[in-house]
Amino acid sequence: IIEKTCEVMAVRTHSRNLELACRISPDTPQYIKGDPTRLRQVITNLLGNAIKFTEKGEIVLMVLPTGKEISSQSPQYLQFSVRDTGIGIPAEKLSTIFEKFTQADSSITRKYAGTGLGLAISRQLVELMGGKIWVESKPQEGSTFFFTIPLEETTPEEKPETAVAEPEISLQGWKILVVDDNTTNRLILRETLTQWGCKVTEAAGGAEGLAELIRAKSEGTPFQIAILDSRMPEMDGFTLAQEIRNNPDLSFLSIVMLTSENRSSDLARAKDMNFEAYLIKPVKRQALKESLQAIAGKKRVPLQQQTPSAGKPLPEIHPLNILLVEDTEDNRFLILAYLKNTPYRVDTAENGAVALEKFLANIYDLILMDMQMPVMDGYTATREIRRHEQNEGRKSTPIIALTAYALKEELQKSLSAGCDAHLTKPIKKQLLLEAIQKYAAASIVPGKSS
Ligand code: ADP
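Residues numbered from 1 in each chain as written. Predicted model: local features only at pLDDT ≥ 70, side-chain atom pairs only at ≥ 80, totals over all residues. Heavy atoms only, no water.

K.L.:
Can you explain the overall build of the protein? Please cite residues and give values.
P.N.:
Tallying secondary structure elements over the protein gives 13 helices and 15 strands in all. Within the protein, the proportion of its 450 residues that are buried is 48%. Sequence separation of 24 or more characterises 67% of the internal contacts of the protein that already satisfy a separation of 6 or more. Here the protein has roughly 22800 Å² of accessible surface; of this, 51% comes from carbon and sulfur atoms. (Helix = DSSP H or I, 4+ residues; strand = E, 2+ residues; numbered from the N terminus. Buried < 20%, exposed > 50% of the residue type's maximum accessible area, 1.4 Å probe, protein only. Contact = heavy atoms within 4.5 Å. Areas by Shrake-Rupley, 256 points an atom, 1.4 Å probe, with all protein chains shown as cover.)

K.L.:
Requested: an account of the environment of Pro156, with residues and values cited.
P.N.:
Checked against the element boundaries, Pro156 lands in the loop between β5 (142-150) and β6 (175-179). For Pro156, a relative accessible area of 26% gives the class partly exposed. A sequence separation of 125 residues divides Pro156 from Tyr31, and the C-alpha atoms of the two residues are 6.6 Å apart.

K.L.:
So what's going on with helix α4 (residues 183-195)? Residues and values would help.
P.N.:
Every α-helix winds through 3.6 residues per turn, so residues three or four apart in the chain are directed the same way. The terminal C-alpha atoms of α4, which comprises 13 residues, lie 18 Å apart, in line with the 18 Å expected from a rise of 1.5 Å per residue. For α4, the N-terminal capping position is held by Asn182, with its side-chain oxygen 2.9 Å away from the main-chain nitrogen of Thr184. A positive backbone phi angle near 95 degrees is found at Gly197, which sits one or two residues after α4. (Expected span 1.5 Å × (residues − 1). Polar contact = N/O pair within 3.5 Å; in protein donor to acceptor, adjacent residues only side chain to side chain.)

K.L.:
Hey, could you go over the packing of aromatic side chains for me, with residue numbers and the actual values?
P.N.:
Enumeration according to the criterion identifies 4 aromatic pairs in this entry. Aromatic side chains Phe80 and Phe147 sit 4.7 Å apart centroid to centroid with 0 degrees between the ring planes, which places their arrangement in the stacked category. Of the two residues, Phe80 is situated in strand β3 (residues 75-84) and Phe147 in strand β5; the sequence distance between them amounts to 67 residues. For the pair shown, Phe80 and Phe147 are each scored as buried. (Phe/Tyr/Trp six-rings, centres within 6.5 Å; stacked < 30°, edge-to-face > 60°.)

K.L.:
Would you mind going over the pairing of strand β8 (residues 225-229) in detail, with residue names and values included?
P.N.:
Counting buried residues in β8 gives 5 out of 5 residues, a clear majority hidden from the surface. Of the two faces of β8, both are covered, the one formed by Ile225, Ile227 and Asp229 as well as the one formed by Ala226 and Leu228. In terms of strand pairing, β8 meets strand β9 (residues 254-259) through 5 bridges, oriented parallel. Its bridge partner lying in β9, Ile225 is registered against Ser254. Of the crossover connections in this fold, the one passing from β8 over helix α6 (residues 237-246) to the parallel β9 is right-handed. (Pairing = 2+ DSSP bridges. Right-handed = clockwise from strand over helix to strand, strands pointing away.)

K.L.:
Could you give me a rundown of the packing of helix α2 (residues 36-52) against helix α3 (residues 118-128), with the residues and numbers involved?
P.N.:
With their axes 9 Å apart at the nearest point, α2 and α3 run at an angle of 150 degrees to one another. Classified by the angle between their axes, α2 and α3 sit roughly antiparallel to one another. Considering only the axes of α2 and α3, their crossing is left-handed. Across the interface between the two elements, Arg38, Gln41, Val42, Asn45, Leu46 and Asn49 from α2 touch Gly118, Leu119, Ile121, Ser122, Leu125, Val126 and Leu128 from α3. (Axes fitted to C-alpha atoms, helices over the stretch in contact; angles between N-to-C directions. Parallel < 35°, antiparallel > 145°, perpendicular 65-115°, else oblique. Left-handed = near helix turned anticlockwise from the far one by under 90°.)

K.L.:
Pulling in residues and values, what's your account of the sheet that holds strand β10 (residues 277-280)?
P.N.:
Judged by pairing direction, the sheet is parallel, and its 5 strands sit side by side in the order β7-β6-β8-β9-β10 without closing on themselves. Each end of this open sheet is capped by a strand with a single partner; those strands are β7 (199-203) and β10. Each neighbouring strand pair of the sheet contributes to a mean axis angle of 20 degrees, computed without reference to strand direction. Taken together, the 4 bridges between β6 and β8 define a ladder with parallel strand orientation. Bridging across to β8, Val178 finds its partner in Ile227. Contacting β6, β7, β8 and β9, α4 runs over the sheet at an angle of about 170 degrees to β7. The strands touched by α6 are β6, β8 and β9; relative to β9, the strand with the most contacts, the crossing angle is about 170 degrees.

K.L.:
If you had to explain the nonpolar core to someone new, which residues and values would you point to?
P.N.:
Grouped together as the largest cluster of nonpolar side chains are 34 residues, with contacts concentrated most on Leu47, Leu61, Phe80 and Phe147. Residue assignment for this core shows that the elements contributing at least two residues are α1 (2-15), β1 (19-24), α2, β2 (58-68), β3, α3, β4 (133-138) and β5. Here the element with the most residues in this core is α2; it accounts for 7 residues. Filtering out sequence-adjacent residues up to four positions away, Leu61 remains in contact with Ile2, Cys6, Ala21, Cys22, Arg23, Ile43, Leu47, Phe80, Ser81 and Val82. Membership of the second largest hydrophobic core comes to 22 residues, among which are Val179, Leu228, Leu250 and Ile255. (Core = buried A, V, L, I, M, F, W, Y, C linked by side-chain atoms within 4.5 Å.)

K.L.:
Can you tell me about the pattern of salt bridges, naming the residues and giving the values?
P.N.:
Counted by the stated rule, this structure contains 20 salt bridges. The residue Glu19 makes a salt bridge to Lys281 at a minimum N-O spacing of 3.2 Å. With Glu19 in strand β1 and Lys281 in the loop between β10 and α8 (285-299), this pair connects stretches of sequence that are 262 residues apart. For Glu19, a relative accessible area of 17% puts it in the buried group. Residue classification places Lys281 among the buried residues on the basis of a relative accessible area of 6%. A salt bridge links Lys425 to Asp370; the shortest N-O distance between them is 2.9 Å. (Salt bridge = Lys/Arg side-chain N within 4 Å of Asp/Glu carboxyl O.)

K.L.:
Account for the sheet that holds strand β15 (residues 421-424), naming residues and giving values.
P.N.:
Strand order in this open sheet of 5 strands is β12-β11-β13-β14-β15, and the pairing throughout is parallel. Each edge of the sheet is formed by a strand with only one pairing partner; in this case those strands are β12 (345-349) and β15. Strand-to-strand twist of the sheet, defined as the mean angle between neighbouring strand axes without regard to direction, takes the value 20 degrees. Direction of pairing for strand β11 (residues 321-325) relative to β12: parallel, over a ladder of 5 bridges. Directly across from Val325, in β12, lies its bridge partner Ala349. Against the sheet, helix α11 (residues 378-392) makes contact with β13 (366-370) and β14 (399-403), and its axis sits at roughly 150 degrees relative to β13, the strand it touches most.

Distances and angles like these do not, on their own, reveal function.
Here you go:
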């Protein structure tokens, strides 16, 4: 509802050359129980006013859970705010604008046509939903209207009944450069992408973005995706995209272009330039996620290209998301050092219990599991992981056991716990890299069931 309402209002915003951004705090539950019609109406009223009373700058709709109870950890309300950089409201009018037929300045009514009813209706609707509405404003600087609604979390009614859901393509560890002149947009993109496990760098303009892309490439840590705002002063997104496409060093980079709806010429150009994806602002989270997953899915290198022979340098491969479970700091340090100059992103856990928690909250391409650990050992953790995968119809994550003994029984024990392979300590770098490639590659080949 929130994103859809923004989408509808975006047309008016963009036609006035204003930015409209929608920032949904990552800890906002995806589904809550409530009245969609009333909620939509209030957001529309507030965004409508913000657009009406703002000549230049930006309008930001923000949503976050708020009001923690003292006794429990759960938030009680969902707080919405609509911030603008418009004309503002004089202090003496702040208390009356929610009353019927009140307008902050009667002399401006002719310039800004209106009935003086919108806020009174909004207040009524918010109160009917069990919340509160208020405003903070400074003349000439802008206004922020806040309202809350009680937060009652729920799950969607129709849950898909498919027994085995396709596992989501992980975005963990993807290096993404966000190029946008608008600070709020960059912040929102960073917040969203980081939530999905991406590594985000920001650039405030085209030239800065290009320099960053070239620098990262020359240092051997290239970006995989660039998200570009089409409209920027000086070097705009299209010019930057052209520079990227003209640079053979950046040929591996996928481009996601963000355009504005009312600019049909922008859309036509975006289609013409064959970007990996283009999205209309304000960007919807699901659409962004799907675009990035489509890119991530395509970039994965098929298995037959991924079987290196011993001793040879490893080919450039997909950045895997690895969980390293190891209680000894020295061993963690060693393995992290081995994996430092690879495209792999490594998360660590110091015992099986922490590993299990991380496994449930993330999607990993591969797990390196020490077997002897305090709290919960590797055998138990592996069994638990396998149990969860089965219960949830999740694809089997390759698990490589790391053990101290080269005994046959040890190997058998880890295999029967559910590990796919086994490495004996002290771990050798080359063997580790080969094992990671072999097992992770097998798991990411489309259609492979395990
Ligand atoms: P109207 O139809 O006049 O906009 P509202 O009840 O929606 O009626 O708003 C009442 C008054 O509050 C407006 O006339 C305006 O003076 C002030 N106001 C509302 N929103 C804003 C805003 N975002 N910035 C500045 N003034 C605002």
